[in-house]
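# A structural walkthrough
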Amino acid sequence: LFTALVLAFLIAPILAVMPLSFNAEPYFSYPMPGLSLQWYRDFFTNERWIGSLFLSLKLAVTVTLLATMLGTMAALGLARAKLPFRTVIFGLLLLPMIVPVIIVAVAVFMFYGYLNLIGTFTGLVLAHTALATPFVVITVTSTLTGFDWTLQRAAQGLGATPAFTFQKVILPLIIPGVVTGALFAFVTSFDEVVVALFLASAEQRTLPKQMFSGIREQISPTITAAATFQVVLSICLLVGTELLRRRSERLRGISS
């Protein structure tokens, strides 16, 4: 009961915002005088909003590909029992997740100043990749916990190359963890606002940055439509993650 009350306390503000996205009047108030889709129409037709949405999607997809590749390789390396300084390396990989994001943003901003990466798409991709990679490392490492490495040795004993062994033996068994990590990486990049505020130029407005700027400059109910879109997208990704988790458990049961 206590847990349910805590969850209700955390979710209630989100549930309160979502109906306001259908308000017919440009006010954040209850009761609503009528229902309308005008704010969703503005969100999907306004050049500034749709441009920020496409930039966030482009950035999130790029970051997801890089973070998934780097995180999976790191997890495979950490799975080796004889890897020296394994605990130290694992801790360093998780630092972007542990350190407050405002500290990461300030440090990256100062570092990018020497490299002239502030205000560039490449700079945003690298910064978001650093924030998203730990999620991939954790999920793939968790999947590799019950992995039977004798399958790899058997494939190599039959003459398979390391690349072929990874593609045909290892990857099919760890794919739920890889995809789950990719989903977390996508959400991390898509919802990130602090680093974008520090590193993005005036023309580079990601969706979270556009929402933040809209709250400060001009409060519009279109923000509630954008927030509802993000919530629905996150729910869909979490449902997909749960389905993958259950599939991973079934695969482990079969392999064991």
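### Topic: the overall build of the protein
On a plain count of helices and strands, the protein comes out with 12 helices and zero strands. Starting at the N terminus, the α and β elements of the protein follow one another as α-α-α-α-α-α-α-α-α-α-α-α. For the protein, the spread of C-alpha atoms along the three principal axes comes to 70 × 50 × 35 Å. Across the 256 residues in the protein, those meeting the buried criterion constitute 38%. When contacts within the protein are restricted to residue pairs at least 6 apart in sequence, those whose partners lie at least 24 apart make up 70%. Here the protein displays about 14700 Å² of accessible surface, and carbon together with sulfur accounts for 72% of that area. For the protein, the distance from the average position of its 16 positive side-chain charges to the average position of its 10 negative side-chain charges is 14 Å.

### Structural notes on the layout of surface pockets
Computed from the structure, the largest pocket encloses a volume of approximately 410 Å³. Lining the largest pocket are 17 residues; nearest its centre among them are I14, D191, A227, Q230 and V231. Secondary-structure elements contributing two or more residues to the lining of the largest pocket are α1 (2–20), α11 (207–217) and α12 (222–255). Here the lining of the largest pocket gets seven residues from one element, more than from any other, and that element is α12. For the lining of the largest pocket, the class distribution of residues is 13 nonpolar, three polar and one charged.

### Focus: the confidence of the model for the protein
Looking at the protein as a whole, the pLDDT averages 84, with 96% of positions reaching at least 70. Ranking the elements of the protein by mean pLDDT puts α12 last with 77 and helix α3 (residues 47–78) first with 91.

### Remarks on the packing of helix α2 (residues 38–45) against α3
The interhelical angle for the contact between α2 and α3, taken along N-to-C directions, is 65°, at an axis separation of 5 Å. Packed against α2, whose contacting residues are D42, F43, F44 and T45, the element α3 presents E47, W49, I50 and L53 at the interface. For the contact of α2 with α3, the per-class residue count stands at five nonpolar, one polar and two charged.

### Here we look at the packing of aromatic side chains
Two descriptors summarise a pair of aromatic rings, namely the distance from one centre to the other and the angle between the planes of the rings. A complete count under the given rule lists nine aromatic pairs for this structure. Aromatic side chains F186 and F190 sit 5.7 Å apart centroid to centroid with 10° between the ring planes, which places their arrangement in the stacked category. Here F186 pairs with F190, and both are found in helix α9 (residues 162–191), just four residues apart, close to one helical turn. Three or more aromatic residues joined by ring pairs form one cluster here, namely F43, F44, W49 and F229. Sitting over the face of the ring of F121, K58 holds its NZ or CZ atom 4.8 Å from the ring centroid.

### Some points on unusual backbone geometry
Not every positive phi belongs to a glycine, and N116 is a case in point at roughly 55°. Position of N116 relative to the elements: it lies in the loop between α6 (101–115) and α7 (121–144).

### Concerning the packing of α3 against α9
α9 packs onto α3 with a crossing angle of 140° between their chain directions and a minimal axis gap of 8 Å. Viewed along their axes, α3 and α9 adopt a mutual orientation that is oblique. Remark: the crossing between α3 and α9 carries right-handed chirality. Taken together, the residues of α9 that come into contact with α3 (itself represented by L53, S56, L57, L59, A60, V61, V63, T64, A67, T68, T72 and L76) are F166, I170, I174, V178, A182, A185, F186, S189 and F190.

### Section: α2
Taken as a whole, α2 has its buried residues at W39, Y40 and F43. All buried residues of α2 project into a common sector of 100° when viewed along the axis, lining one side. Among the exposed residues of α2, those pointing more than 90 degrees away from its buried face are R41 and T45.

### Regarding a nonpolar patch on the surface
The grouping of F2, V6, L7, F9, L10, I11, I14 and L15 at the surface amounts to a nonpolar patch, some 830 Å² of accessible area in total. Along the chain, the position of L7 falls in helix α1. In this structure L7 comes out as partly exposed when scored by relative accessible area, which is 45%.

### What about the nonpolar core?
If you look at the biggest cluster of nonpolar residues, it comprises 27 residues, and the most contacted ones within it are V140, L144, I174 and L199. Counting only elements with at least two residues in this core, the list comes to α3, α6, α7, α9 and α10 (194–199). Residues within four places of L199 in sequence aside, it is in contact with V108, F109, Y112, I118, G119, G123, L124, A127 and Q204. Counting 18 residues, the second-largest nonpolar core is a separate cluster that includes W39, I50, L183 and F186.

Analysis parameters
- Residues numbered from 1 in each chain as written.
- Predicted model: local features only at pLDDT ≥ 70, side-chain atom pairs only at ≥ 80, totals over all residues.
- Heavy atoms only, no water.
- Helix = DSSP H or I, 4+ residues; strand = E, 2+ residues; numbered from the N terminus.
- Buried < 20%, exposed > 50% of the residue type's maximum accessible area, 1.4 Å probe, protein only.
- Contact = heavy atoms within 4.5 Å.
- Areas by Shrake-Rupley, 256 points an atom, 1.4 Å probe, with all protein chains shown as cover.
- Lys, Arg positive; Asp, Glu negative; His and termini not counted.
- Charge placed at Lys NZ, Arg CZ, Asp CG, Glu CD.
- 1 Å grid on protein atoms, 1.4 Å probe; cavity = no way out; pocket = protein on both sides within 12 Å on 5 of 7 lines; lining within 4 Å.
- Points joined across faces, edges and corners; volume = space filled by probe spheres on them.
- Nonpolar A, V, L, I, M, F, W, Y, C, P; charged D, E, K, R; others polar.
- pLDDT = per-residue confidence, 0-100.
- Axes fitted to C-alpha atoms, helices over the stretch in contact; angles between N-to-C directions.
- Phe/Tyr/Trp six-rings, centres within 6.5 Å; stacked < 30°, edge-to-face > 60°.
- Lys NZ or Arg CZ within 6 Å of the ring centre and 35° of its normal.
- Parallel < 35°, antiparallel > 145°, perpendicular 65-115°, else oblique.
- Left-handed = near helix turned anticlockwise from the far one by under 90°.
- Arc of directions from axis to C-beta.
- Patch = residues over 30% accessible without salt bridge, like charges linked within 9 Å, V, L, I, M, F, W, Y side chains within 5 Å.
- Salt bridge = Lys/Arg side-chain N within 4 Å of Asp/Glu carboxyl O.
- Core = buried A, V, L, I, M, F, W, Y, C linked by side-chain atoms within 4.5 Å.

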